[in-house]
Amino acid sequence: MSTIDWIITSLPLLLVVGVACASSRHMKSVADFMSGGRLAGPYLLAVARGELEAGAVVFVALFEVISHSGFTLSWWSWIMVAGAIFVAISGFVVYRYRETRAMTLAQFFELRYSKSFRLFTGILAFAAGIVNFGIIPAVGARFLVYYLRLPPELHLGPWSMPTYIPLMALFLSLTLVLTLSGGLITVMVTNCLEGILSQVFYLVIIAALLMMFSWTEISEVLGSRPPGQSLLDPFDSMEIKDFNLWYVLMALFISVYGTMAWQNSGSYNAAAISPHASVMGGILGRWREFGKLAVITLLAVCAVTFLQHPDFATQSAQAHETVAQIQNSQVRKQMEVPIAVSYLLPLGIKGVFCAVLLMGIFGGDSTHLHSWGSIFVQDVLVPLRKKPFGPRQHIRALRISVFAVALFAFLFGSLFQQTEYIIMWWAVTTAIYVGGAGACIIGGLYWKKGTTAGAWVALIAGSGLSVGGIIIRQIYGNAFPLNGIQISFFATLTAIVLYVAVSLLTCREDFNMDRMLHRGQYAALKQLVDEQSVTPPLEKRRVSWGRLIGFDENFSLADKWIAGSLFAWSMFWLGVFVIGSVWNLIAPWPASVWSTYWHVAGIGIPIFICFVTTFWFGWGGLRDIGLLFKKLAGQKINHLDDGTVVGRQNLDERGAIEAAPTQERSGSAPAGTP
């Protein structure tokens, strides 16, 4: 890159480092390190969590999918709208989980099931998580090697090593310093700032690409595929392997089933200032994602056009040569689009995109390190200890665990050889935990007859089938008939059936859901531990459109407009999908119509949303950062709020009941009440 590119790359990174240093001084307790003091507003949550999915590895993963299936997967993905909107607006799982006040999912499992189940799920979630995360730093570093056109190998006398290994070590080291300094407070604030800056940079990149490539050139390349493999017409794409209609249907089921089960951003689930803020963070995040996909899609289709269109044959010759030199076939497919992007972006814009990549790497890796490191301490070490950690000792253990996760990721990324698409690897490694945990979460939050025995059987079956699938895929590769998403799908179905069947056979007494969710006579506990109260959703009331969408008493007028517009927008496109599908089954659209449709729906409209959300979430994110610092300055530190569970009750709640005057706790049941 040129000097100008390096200056453009460095300035936002220096700003992020400065904010990280300023925010770290606010971390004063385990709750601060783990969950940001539970004081995050919805915009802060939406932008910070979104930066997890803006790293270099996410760009590579989506580049793989788009270059393989074009726009056709986007058409089938509208089927997923109903599930995604249901989860976002209704607060499915998210709302009730926040009501439990659990810091980690396994802590909830101890509240709902047993201490031994918490320990097992903690170990399983940690193992699945670090294996899933293990390839992410390596892919990100490899992207930067080819993007910056560094030599693939470094030679030191008689020794040599791949260049991505020391680069990965550098990125992990910088991310580690950021994560250890202030825990989730620093991670959340810097991620939000990175997300705001990246959104501005997306507009700059989009403007440059629109000036460099015409839609005619893009459409000619995407429409030149053989019959059955179209990248424009979804009804002429049935011969495309892996990323097709069946992939979308299985992904829809798994995404709803596994809501909040995967804990790569688990700390955000407990960071909201209230359950309603957590719900609104999810809704706002959906709007922001629509805009972010604009730059990823445009970069991918422009890169494919750059590599394949005759008008760019001369400019892309060196890119083709670089791709051909990569020996590993899977890595060669992964790096094809990133290499093309490095050659097509002009002076200045290359530095802008490099800043986006680096902020995404730091944002994504810091969230993973914090989440998996915290899970090991909270859900493995804490349940095993007979004597609770002291506050300083607890934070020290969390930091050591985060460092160990970074070390594992470095070693795993240096040694592991990828054999399939990144998306497929994530699907099958996620299922190691989510395959069984989804049934335990939904059953635990919504079904009073769910039992510990049912949870054990479901979790073991789901994880066992997924691990078996990984081993078979490593041995037989593509000769095995099931890919990652198919293995995950069948593992989840098995877990659901077993959870329900075993629970019905072993249930002897209904579980006390009100106590776990702090409702009814147990609502006073929130006041004793200085928790912000909100109006709980009514279980029975007149049916209305707002009720069907998911509105409750906590939705302000602005909240209803935001959530309602998301619902209307998504239903509109779901309607387009239904009408378009019927139309094409009766009278197929010609290629020219599909080209025009994707020009508007796949490029134009997402760019407009990206423009709007840049200013919308920039204002909201900065506002919530300011409010977070203000609330942190005035918060009361409670060192008992450290994730410990005693008698199926959070330790700080038990301590508050014992310390409160009799009249203050008269509305609460004794701590040992089942």
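Note that the coordinates shown come from a computational prediction; the quantities given were computed from them, not determined experimentally.

Cut-off values and rules
- Residues numbered from 1 in each chain as written.
- Predicted model: local features only at pLDDT ≥ 70, side-chain atom pairs only at ≥ 80, totals over all residues.
- Heavy atoms only, no water.
- Helix = DSSP H or I, 4+ residues; strand = E, 2+ residues; numbered from the N terminus.
- Buried < 20%, exposed > 50% of the residue type's maximum accessible area, 1.4 Å probe, protein only.
- Areas by Shrake-Rupley, 256 points an atom, 1.4 Å probe, with all protein chains shown as cover.
- Pairing = 2+ DSSP bridges.
- Axes fitted to C-alpha atoms, helices over the stretch in contact; angles between N-to-C directions.
- Parallel < 35°, antiparallel > 145°, perpendicular 65-115°, else oblique.
- Left-handed = near helix turned anticlockwise from the far one by under 90°.
- Contact = heavy atoms within 4.5 Å.
- Nonpolar A, V, L, I, M, F, W, Y, C, P; charged D, E, K, R; others polar.
- Core = buried A, V, L, I, M, F, W, Y, C linked by side-chain atoms within 4.5 Å.
- Lys, Arg positive; Asp, Glu negative; His and termini not counted.
- Salt bridge = Lys/Arg side-chain N within 4 Å of Asp/Glu carboxyl O.
- Polar contact = N/O pair within 3.5 Å; in protein donor to acceptor, adjacent residues only side chain to side chain.
- Patch = residues over 30% accessible without salt bridge, like charges linked within 9 Å, V, L, I, M, F, W, Y side chains within 5 Å.
- pLDDT = per-residue confidence, 0-100.
- Phe/Tyr/Trp six-rings, centres within 6.5 Å; stacked < 30°, edge-to-face > 60°.
- Expected span 1.5 Å × (residues − 1).

Helices and strands together make up the secondary structure of the protein, namely 28 helices and two strands. In the protein, which comprises 674 residues, the share counted as buried stands at 61%. For the protein, the accessible area works out to roughly 26500 Å², and carbon and sulfur atoms hold 67% of it.

Judged from the four bridges that link them, strand S1 (residues 153–156) and strand S2 (residues 159–162) form a sheet pairing that is antiparallel. Within the sheet, the bridge partner assigned to Leu154 lies in S2 and is Met161. What sits between S1 and S2 in their antiparallel hairpin is a turn of two residues, with Gly157 showing a positive phi close to 65°.

This part takes up the packing of helix H3 (residues 42–51) against helix H27 (residues 591–634). To describe two helices that pack against each other, one gives the angle between their axes and the distance between the axes. Put simply, H3 and H27 touch, their axes get as near as 7 Å, and they point 115° apart. With respect to H27, the element H3 is oriented roughly perpendicular. Two packed elements cross with a definite hand, and for H3 against H27 that hand is left-handed. Contact with H3, carried on its side by Pro42, Tyr43, Leu44, Ala46 and Val47, involves Trp616, Phe617, Trp619, Gly620, Gly621, Arg623, Asp624, Ile625 and Leu628 of H27 and no other residues of that element. By residue class, the composition of the contact of H3 with H27 is 10 nonpolar, two polar and two charged.

Our next topic: the nonpolar core. By size, the foremost hydrophobic cluster in this structure holds 165 residues, and its most contacted members are Phe59, Leu299, Phe353, Trp426 and Tyr433. For Trp426, the contacting residues outside a window of four places in its chain are Val57, Val58, Ala61, Asn132, Ile135 and Ile136. In terms of nonpolar packing, the next biggest core, distinct from the first, is built from 49 residues, Cys192, Ala272, Ile273 and Leu284 among them.

Close contact between helix H4 (residues 56–69) and helix H17 (residues 329–344) brings their axes to 9 Å; oriented N to C, the two are set at 95°. Considering their axes alone, H4 and H17 lie roughly perpendicular with respect to each other. For the pair H4 and H17, contact is made by Val60, Phe63, Glu64 and Ser67 and by Gln330, Gln334, Met335, Val337 and Pro338, respectively. Per-class residue counts for the contact of H4 with H17 are five nonpolar, three polar and one charged.

Bringing the side chain of Asp5 into the picture now. Note on placement: Asp5 falls in helix H1 (residues 3–24). With no salt bridge to any partner, buried Asp5 finds its closest opposite charge in Lys350, at an N-O distance of 6.4 Å. A polar atom in the side chain of Asp5 sits 2.9 Å from the backbone nitrogen of Gly351. With residues near it in sequence (within four places) discarded, Asp5 still touches Leu347, Gly348, Ile349, Lys350 and Gly351.

This part is about the pattern of salt bridges. For the coordinates displayed, the defined rule picks out six salt bridges. A salt bridge links Arg519 to Glu99; the shortest N-O distance between them is 2.8 Å. Remark: Glu99 occurs in helix H7 (residues 94–100) and Arg519 occurs in the loop between helix H23 (513–517) and helix H24 (524–528); sequence separation between them is 420 residues. Each member of the pair Arg519 and Glu99 is classed as buried. Between Asp510 and Lys449 there is a salt bridge, and its shortest N-O distance comes to 3.0 Å.

On the surface, Val467, Ile471, Ile475 and Tyr476 cluster together into a nonpolar patch covering about 410 Å² of accessible area. Looking at the element boundaries, Val467 is found in helix H21 (residues 452–476).

Right, let's talk about unusual backbone geometry for a bit. Here the phi dihedral of Arg149 falls at roughly 60°; this positive angle occurs in a residue that is not glycine. With respect to the helices, strands and loops of the structure, Arg149 is situated in the loop between helix H10 (136–147) and S1. What makes Arg149 partly exposed here is its relative accessible area of 42%.

For the protein, the mean per-residue pLDDT works out to 83, and 88% of the residues sit at or above 70. Predicted confidence for residues 535–543 stays below pLDDT 50, and this span has 20 contacts to residues more than four positions away or in other chains. Per-residue pLDDT stays below 50 along residues 662–674; that stretch engages in 21 contacts with residues further than four places along the chain or on separate chains.

A few words now on the packing of aromatic side chains. For the coordinates displayed, the defined rule picks out 48 aromatic pairs. Ring geometry for Tyr97 against Phe108: centres 6.5 Å apart, planes inclined by 70°, an arrangement best described as edge-to-face. You can see Tyr97 sitting in helix H7 and its partner Phe108 sitting in helix H8 (residues 105–112), a full 11 residues away along the chain. What makes Tyr97 buried here is its relative accessible area of 0%.

On to H1, then. With 22 residues, H1 should reach 32 Å at 1.5 Å per residue; the first-to-last C-alpha distance of 32 Å fits that figure. Of the surrounding secondary structure, the elements contacted by the buried residues of H1 are helix H11 (164–212), helix H18 (349–384) and H27.

Moving on to the environment of Gln315. Relative to the helices and strands, Gln315 is located in helix H16 (residues 313–324). For Gln315, a relative accessible area of 44% translates into the label partly exposed.

Once that is clear, we can look at H10. Here H10 is 12 residues long and its end C-alpha atoms lie 16 Å apart, about the 16 Å a rise of 1.5 Å per residue gives. The buried count for H10 comes to 12 of 12 residues, which makes it a mostly enclosed element. Turning to H10, its buried residues number three or more, namely Ile136, Pro137, Ala138, Val139, Gly140, Ala141, Arg142, Phe143, Leu144, Val145, Tyr146 and Tyr147. Downstream of H10 by a residue or two, Arg149 has a phi angle that is positive, lying close to 60°.

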